[in-house]
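Understanding the architecture of this molecule
Here are the chains, one letter per residue:
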Amino acid sequence: MKKVAIIGAGQVAEKVHAAYYQKRSDVLELAAVVDPVSQRAEDFCRRTGFSHAYTSVTQMLNEISPDIVSVCTPNRFHFEHVLAALEANASVMCEKPPAMTADQARKMAETADKNGQILAYGFQHRFSDEATMIKNHLDVLGDIYYVEANALRRSGVPGWGTFIDKELQGGGPLIDYGIHMLDTAMYITGFPKVKSVRAYSFQKIGTKKNSGKFGKWDPSKFTVEDAIFGTLELENGKIIQLNTSFALNIREDKLNVAFCGDQAGANLYPGELFEDVDGKLVSLQKTTPVNDPHELSMAHFVNRALGDQTQMIADGWQGYVIQNLVENLYRSAEIGRASCRERV
């Protein structure tokens, strides 16, 4: 039996991580949960069946010696918690984003390699049935020269957690929401080399309003961007456009990645391949999702940690690439010109 621990007793820890670990009770022991609020950790244990509640990550790692650790803390703490778990010789599943900076993400990947441990990130959209269908039929599209990734909310400022706090989160919709579509676009296209990025960031709504579809917030504490729009110029001359927002005056929300080739196109959501025939749109293939991408992401990680090296994961070095792109997008928006601090 492999011992499992979770650091951070929040919603995603319970609904995604603990829920999956419970399904693998034949091979996993639900050993411990850590949260700085002792009552929250104890309540989490009662609801999920984990055995021990802690308020100290160090104490938990020393006393439990877990084989598998999920890191579900605010972004600011990912770096220290992932490193601590890796140094304790545990395999780690960390919620997105990997870290606050690219340097931190690199150190995390290096530490996983040094200790021979698995490091995976919770980029679940790449595990969707729709993403799998497109990746398996990329040849149908021909030469893909334009990709557009949208993660746009009209009125979607989170009214809970620390999502509007730049110091704790590192940013707003890009690092929280858009990062998923960025990872999916990069994964499906095979992580092409990026030459430079150019981005434009705006804070126009979150500091003026105080409520939306996802609850209320304090506009005086809104320190992240409402929206950011960026272009990734690839070394092969192609481009990836990324648009993401918490709040934007659009008619409807958009969550999709569109792939445009010289032979055909594809949409991630809803999953479809299509082409133009004499001016008419012809559907080539559609997919109706059956599997839960969250569960598939967890399953691949656990199976990899159990020794199945064939399982695809969003690994430490891919996490570094995504973190570096996020950092360059924010930097470009800040300095007002293209950024290519490190090509990846």
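Structure shown above.
Once that is clear, we can look at the sheet that holds strand β4 (residues 68-71). Across a sheet, paired strands are connected by hydrogen bonds in the backbone, their directions being either parallel or antiparallel. One open sheet holds the six strands; their spatial order is β3-β2-β1-β4-β5-β6, and the pairing between them is parallel. Both edges of this open sheet fall to β3 (52-54) and β6 (119-121), since each of them pairs with a single strand only. Strand-to-strand twist in this sheet, taken as the mean axis angle between neighbours without regard to direction, amounts to 20°. Of the pairings in the sheet, the one linking strand β1 (residues 2-7) to β4 comprises four bridges and is parallel in character. Bridging from a neighbouring strand, Val4 pairs with Ile68 of β4.

Our next topic: the nonpolar core. Among the nonpolar cores identified, the biggest contains 67 residues, and Met60, Met186 and Leu232 are the most heavily contacted of them. Broken down by element, this core gets its largest block of residues, 10 residues, from helix α9 (residues 173-188). Apart from residues no more than four positions distant in its own chain, Leu232 is found in contact with Leu182, Met186, Val194, Ser196, Val197, Lys238, Ile239, Ile240, Leu325 and Leu329. Judged by nonpolar contacts, the second largest core, of 25 residues, contains Tyr20, Leu30, Val33 and Val302.

Before going further, it helps to examine the packing of helix α1 (residues 11-23) against helix α2 (residues 38-48). Remark: α1 packs on α2, axes separated minimally by 11 Å, with the N-to-C direction vectors making an angle of 45°. Viewed along their axes, α1 and α2 adopt a mutual orientation that is oblique. α2 is crossed by α1, and the crossing has right-handed handedness. For the pair α1 and α2, contact is made by Ala13, Glu14, Ala18 and Gln22 and by Phe44, Arg47 and Thr48, respectively.

What follows is about the sheet that holds strand β14 (residues 265-267). Taking strand neighbours across the sheet as the criterion, the eight strands line up as β8-β11-β12-β7-β13-β14-β15-β16 in an open arrangement whose pairing is mixed. Two strands lie at the open edges of the sheet, namely β8 (194-202) and β16 (280-286), each paired on one side alone. Averaged over all adjacent pairs, the angle separating strand axes in this sheet is 15°, with direction ignored. Where β14 and strand β15 (residues 272-277) come together, three bridges link them in antiparallel fashion. Residue pairing in the sheet places Ala266 in a bridge with Leu273 of β15. Its contacts with the sheet put helix α6 (residues 129-136) on β13 (254-261), β14, β15 and β16, and the angle it makes with β15 is roughly 50°. In the packing of helix α11 (residues 316-335) onto the sheet, the strands contacted are β8, β11 (227-234) and β12 (239-245), and the crossing angle to β8 comes to about 55°.

Once that is clear, we can look at the packing of aromatic side chains. Taken as a whole and assessed by the stated rule, the structure comprises six aromatic pairs. Both rings, one in Trp160 and one in Phe163, keep their centres 5.8 Å apart while their planes meet at 75°; by these two values the pair is edge-to-face. Residues Phe202 and Phe229 carry aromatic rings whose centres are separated by 6.1 Å and whose planes lie at 55° to one another, so their mutual orientation is tilted. Of the two residues, Phe202 is situated in strand β8 and Phe229 in strand β11; the sequence distance between them amounts to 27 residues. Look at Phe229 and you get partly exposed, because its relative accessible area is 21%. Taken together, the aromatic side chains of Trp160, Phe163 and Phe214 make up a single cluster linked through ring pairs. The aromatic ring of Tyr177 is capped on one face by Arg153, whose charged end is 4.0 Å from the ring centroid.

Once that is clear, we can look at the state of the cysteines. Counted under the stated rule, the structure contains zero disulfides. Just so you know, Cys72 is unpaired, no disulfide at all, and the nearest cysteine sulfur is the one on Cys94, 7.9 Å from it.

Bringing the environment of Gly265 into the picture now. Note that Gly265 resides in strand β14. Spatially, the C-alpha atoms of Gly265 and Phe44 are 45 Å apart, while their sequence positions differ by 221 residues. Every residue in contact with Gly265, bar those within four places of it in the chain, is listed here: Leu141, Phe259, Glu272, Leu273 and Phe274.

Take the pairing of strand β2 (residues 28-34) next. The buried fraction of β2 amounts to six of the seven residues, a majority that puts the element mostly inside the structure. With respect to chirality, the unit in which β1 leads through α1 into the neighbouring parallel β2 is right-handed. With three bridges connecting them, β2 and β3 associate as parallel partners. Opposite Ala32, over in β3, you have His52 as the bridge partner. Note on the crossover from β2 through α2 to β3: the handedness is right-handed.

Rules behind the numbers
- Residues numbered from 1 in each chain as written.
- Predicted model: local features only at pLDDT ≥ 70, side-chain atom pairs only at ≥ 80, totals over all residues.
- Heavy atoms only, no water.
- Pairing = 2+ DSSP bridges.
- Helix = DSSP H or I, 4+ residues; strand = E, 2+ residues; numbered from the N terminus.
- Axes fitted to C-alpha atoms, helices over the stretch in contact; angles between N-to-C directions.
- Core = buried A, V, L, I, M, F, W, Y, C linked by side-chain atoms within 4.5 Å.
- Buried < 20%, exposed > 50% of the residue type's maximum accessible area, 1.4 Å probe, protein only.
- Contact = heavy atoms within 4.5 Å.
- Parallel < 35°, antiparallel > 145°, perpendicular 65-115°, else oblique.
- Left-handed = near helix turned anticlockwise from the far one by under 90°.
- Phe/Tyr/Trp six-rings, centres within 6.5 Å; stacked < 30°, edge-to-face > 60°.
- Lys NZ or Arg CZ within 6 Å of the ring centre and 35° of its normal.
- Disulfide = S-S within 2.5 Å.
- Right-handed = clockwise from strand over helix to strand, strands pointing away.

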